[in-house]
Amino acid sequence: MPGSPRPAPSWALLLRLLALLRPPGLGEACSCAPAHPQQHICHSALVIRAKISSEKVVPASTDPADTEKMLRYEIKQIKMFKGFEKVKDVQYIYTPFDSSLCGVKLEANSQKQYLLTGQVLSDGKVFIHLCNYIEPWEDLSLVQRESLNHHYHLNCGCQITTCYTVPCIISAPNECLWTDWLLERKLYGYQAQHYVCMKHVDGTCSWYRGHLPLRKEFLDIIQP
């Protein structure tokens, strides 16, 4: 049913799903589908700004036969952007210890701050992995920082499609074409850092950056 809440997964289930997503023949690889920062924010249950106080290796479950390990980070939450209805204050976050299961390595006991996105599990624990959007706070642009409060959340009805080749064709009125990989050969380039896919009153969506016009390269790709 549209709009009905989905049950939160357990971390044992998430570990199994991450193991299934591991590419065949690449035992030590973690593979993630590309996603624009706006998509990450929209699809995450929790979005916070935090510092990492410490880290500790802990069992993945209470089952003695389970040999999987998790890395538990103790954090100092600075600000919560999303997830108020699920958890009030986050003290710990968990990630797979095994890098092949997309475990995240964060810098503890430093002044570095992070933007962290993740999921809240059925037992209330916060789970993160490399397929989430996790960035040092200092690396975020001003547009990205400001959009965490409003623009990303308010425009989750827009669809963002990654563009790999030209021409790229818009298939729906609420779609924006993400061209960073095509133009810069990296995912989080100029468009990800400085533009938001925003919805208009007529239901259409387009890239927007305040009073600044869309860069000519984007227009050339959309209108070949």
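We now turn to the structure provided with this report. Numbering of residues starts from 1 in every chain and runs along the sequence as written. Totals for whole chains, interfaces and linings use all residues, but because this is a predicted model, local features are given only for residues with pLDDT of at least 70 and pairs of side-chain atoms are given and counted only at 80 or more. Excluded from the side-chain calculations are hydrogens and water; all other atoms, namely the structure's heavy atoms, are used.

### Thoughts on the overall build of the chain
Our working rule: Numbering goes from the N terminus for both helices and strands, where a helix is a DSSP run of H or I of at least four residues and a strand is a run of E of at least two. Three exposure classes are used, based on accessible area relative to the maximum for each residue type with a 1.4 Å probe and protein chains only: buried under 20%, partly exposed in between, and exposed over 50%. The contact definition used throughout considers only heavy atoms, calling two residues in contact when any of these lie within 4.5 Å. In these tables, accessible area is a Shrake-Rupley quantity obtained with a 1.4 Å probe, and a residue counts as shielded only by the protein chains included in the view.
Within the chain, the secondary structure is distributed over 7 helices and 10 strands. Within the chain, buried positions represent 42% of all 224 residues. Within the chain, counting contacts between residues at least 6 apart in sequence, those at least 24 apart form 62% of the total. Per element, the accessible surface of the chain, about 12,400 Å² overall, is 56% carbon and sulfur.

### Some words on the state of the cysteines
Applied cut-off: In what follows, a disulfide is any cysteine sulfur pair within 2.5 Å.
In the structure shown here, the tally under the stated rule is 6 disulfides. Covalently, C32 is tied to C131 through a disulfide, its sulfur atoms 2.0 Å apart. Handedness here is read from the sign of the S-S torsion; for C32 and C131, about -80 degrees, the answer is left-handed. Here C32 is found in the loop between α1 (11-21) and α2 (37-43), whereas its partner C131 is found in the loop between β5 (126-127) and β6 (135-136), with 99 residues between them in sequence. A residue is classified by how much of its surface remains accessible, and C131, at 22% relative accessible area, is partly exposed. Disulfide pairing is shown between C163 and C168; the S-S distance is 1.4 Å. Judged by the torsion about the S-S bond (60 degrees), the C163/C168 disulfide is right-handed.

### Considerations on the packing of aromatic side chains
Operational definition: Aromatic contacts are taken between Phe, Tyr and Trp rings whose centres are within 6.5 Å, Trp giving its six-membered ring; a plane angle under 30 degrees counts as stacked, one over 60 as edge-to-face, and the others as tilted. We count a charge as sitting over a ring when the NZ of a lysine or the CZ of an arginine lies within 6 Å of the ring centre and within 35 degrees of the ring normal.
Applying the stated criterion across every chain yields a total of 4 aromatic pairs. Look at Y133 and Y188: their rings are 5.2 Å apart centre to centre, the planes differ by 70 degrees, and that puts the pair in the edge-to-face class. One end of the pair, Y133, is in the loop between β5 and β6; the other, Y188, is in the loop between α5 (180-184) and α6 (190-194), and 55 residues separate them in sequence. With relative accessibility at 4%, the residue Y133 sits in the buried group. Stacked on the ring of Y92, the Lys or Arg R72 has its end atom at 4.4 Å from the ring centre. When the ring centre of Y94 is taken as reference, the NZ or CZ atom of K125 above it lies at 5.8 Å.

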